[in-house]
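For reference, the chains in residue letters:
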Amino acid sequence: CPCGRPLPFQECCHRFIVGIEFPKTAEDLMRSRYSAYATGAIPYIHQTTHPRDRDKVSLADISQWIDAVNSWDKLVVLNTHKGQATDTQGTVEFVAHFHQKHHPQMLHEISHFTKWDARWMVLI
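Residues numbered from 1 in each chain as written. Predicted model: local features only at pLDDT ≥ 70, side-chain atom pairs only at ≥ 80, totals over all residues. Heavy atoms only, no water.

## Regarding the sheet that holds strand S2 (residues 89-100)
Applied cut-off: In this description, strands pair whenever DSSP reports at least two bridges between them. In DSSP terms, a helix is any run of H or I states spanning at least four residues, a strand is any run of E spanning at least two, and both are numbered starting from the N terminus. Fitting a line to C-alpha atoms yields each axis, with helices limited to the stretch in contact; the angle taken between N-to-C directions then spans 0 to 180 degrees. Two residues form a contact once any of their heavy atoms are found within 4.5 Å.
The antiparallel open sheet is built from four strands, whose spatial order is S1-S2-S3-S4. This sheet does not close on itself; its edge strands, each paired only once, are strand S1 (69-82) and strand S4 (119-123). Going across the sheet, the axis of each strand differs from the next one's by a mean of 30°, ignoring polarity. Summarising the sheet, S2 and strand S3 (residues 103-116) pair through 12 bridges and their orientation is antiparallel. Note on S3: the bridge partner recorded for Phe94 is Glu109. Here helix H2 (residues 26-39) sits on the sheet in contact with S1, S2, S3 and S4, set at roughly 175° to S1. Relative to S1, helix H4 (residues 59-68) is tilted by about 115°, and along the sheet it contacts S1 and S2.

Quick look at the structure:
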């Protein structure tokens, strides 16, 4: 799977991206969002952004970002704090490795997640 777990995409993040299941943890959501970027699943990225923040990033913005990346190479999860199935808040620290304009890039981020309507959402 693009998210780095040793499972085929169909058995890992695909089930979240197509809506068969919802991520049970903040880390699962973060990994599935990375896979969504890697596979061009723009609606999933938008839908898993907290409703109060969705106007901060449009479908066109997401598409433009995806189009600017040549390849999504690797995701490394460094740390998680809370964000388990029974929590309502959580953070995930990660490094996303990708190529942009054929140059290696890294995005090191601590993302914040919250549950909204019983589903994990990213806060921007």
